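If you want the building blocks of each chain, they are given just below.
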Amino acid sequence: MTALLLGKGQRAIDALEKEERRNAILSAAERLFVRHPERLPSMAEVADAAKLAKGTVYLYFSSKEEMLLALHGRHVHTFFQAMFKLLQRSQPLTIDDMVALTREHIVGTAAFLPLAALCMGVMEKAVDAEIRNRFFLEIADLLARAGAGVERHFPNLPRGAGAQLLNQSYAQIIGLWQLMQPGCVPPEARFRPGMEMFAHDYGDELEVALRALWSGYLVQKQEAAAPAAKQPAAAGIRRKTRRV
């Protein structure tokens, strides 16, 4: 029995050590990427930054693109874990809460947006299909759980609408960020008359856009739910009228 217990404990320690080493590799990759966002760090550079042998890094990730996707996944998980805490509160979720959450965990994380944009371009070509599919399945699960939580806080939302709203929010976050990057609009043109929209602060513009999206979406769903709620009552009135 003692030997069995020691064996289980050893496996737990090994698993913990592996997770810590994996996180150390991802953290080293993130530091390098933030320093040089114009390119992906090589496996050798990450190994050096993490103070590990290059072969050790390859035990965890088969390519720098796979490592990039895993780092983005870590960012996404951090965002959703913070959101789940908000959703579990007894206080109602507000648009202010979502704006603050986005500012802290997406806008405020230096590598989040550049990585998210890069992942859209590299996954199809450079990451193994099984790993790519597993990534999307995990994201789908997070979206479904968070979406259900949003629906609990906004009862007028039909089933599935919470995940849809979060999906649209993410598209807005990424799309606006890409639009406002210096590479999208030449620097010399950004401050010309008529181009003022491209010279604004991304965080401020995103807040305006998110508030408009959430407010409009919630109002639309509330208005769509109102006639449906009135129909049973109207049908009851018609039945009473016929009896008279």
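So, how was this worked out
Residues numbered from 1 in each chain as written. Predicted model: local features only at pLDDT ≥ 70, side-chain atom pairs only at ≥ 80, totals over all residues. Heavy atoms only, no water. Salt bridge = Lys/Arg side-chain N within 4 Å of Asp/Glu carboxyl O. Buried < 20%, exposed > 50% of the residue type's maximum accessible area, 1.4 Å probe, protein only. Axes fitted to C-alpha atoms, helices over the stretch in contact; angles between N-to-C directions. Helix = DSSP H or I, 4+ residues; strand = E, 2+ residues; numbered from the N terminus. Parallel < 35°, antiparallel > 145°, perpendicular 65-115°, else oblique. Left-handed = near helix turned anticlockwise from the far one by under 90°. Contact = heavy atoms within 4.5 Å. Nonpolar A, V, L, I, M, F, W, Y, C, P; charged D, E, K, R; others polar. Phe/Tyr/Trp six-rings, centres within 6.5 Å; stacked < 30°, edge-to-face > 60°. Core = buried A, V, L, I, M, F, W, Y, C linked by side-chain atoms within 4.5 Å. Arc of directions from axis to C-beta. Patch = residues over 30% accessible without salt bridge, like charges linked within 9 Å, V, L, I, M, F, W, Y side chains within 5 Å. Areas by Shrake-Rupley, 256 points an atom, 1.4 Å probe, with all protein chains shown as cover. Lys, Arg positive; Asp, Glu negative; His and termini not counted. Charge placed at Lys NZ, Arg CZ, Asp CG, Glu CD.

### Topic: the pattern of salt bridges
What the rule picks out here adds up to nine salt bridges. Here R89 ties to D97 by a salt bridge, and the two come within 2.9 Å at their closest N and O atoms. The buried category is assigned to D97, whose relative accessible area is 17%. It is possible to trace a salt-bridge network through shared partners that takes in D96, R103, D204, E207 and R211.

### Quick word on the packing of helix α4 (residues 64-87) against helix α5 (residues 95-107)
When two helices pack together, their arrangement is given by the angle between their axes and by how far apart the axes lie. Running from N to C, α4 and α5 cross one another at 155 degrees; their axes reach a closest spacing of 10 Å. One way to sum up the angle between α4 and α5 is to call them roughly antiparallel. The two elements α4 and α5 cross, and the hand of that crossing is right-handed. Across from T78, F79, A82, M83 and L86 in α4, the residues of α5 making contact are D97, M98, L101, T102, H105 and I106. Classifying every residue of the contact of α4 with α5 gives seven nonpolar, three polar and one charged.

### Remarks on the packing of aromatic side chains
This structure, assessed with the given rule, holds four aromatic pairs. Taken together, a centroid distance of 5.6 Å and an interplanar angle of 75 degrees make the contact between F135 and F136 edge-to-face. One aromatic cluster is present, formed by F79, F80 and F84 through successive ring pairs.

### Focus: the nonpolar core
Ranked by size, the top nonpolar core spans 64 residues in total, and within it M67, F80, M83, V150, L166, Y202 and W214 carry the most contacts. Broken down by secondary-structure element, the contributors of at least two residues to this core are α1 (2-35), α2 (43-50), α4, α5, α6 (112-126), α7 (129-153), α8 (161-179) and α9 (202-243).

### Some points on α2
Turning to α2, its buried residues are M43, V46, A47 and A50. Within α2, the buried residues cover an arc of 100 degrees as seen down the axis, which keeps them to one side. Two residues or fewer past α2, K51 is found with a positive phi of approximately 60 degrees.

### Some details on a negative patch on the surface
A cluster of like negative charges, contributed by D14, E17, E19 and E20, occupies part of the molecular surface. For D14, the position within the fold is in helix α1.

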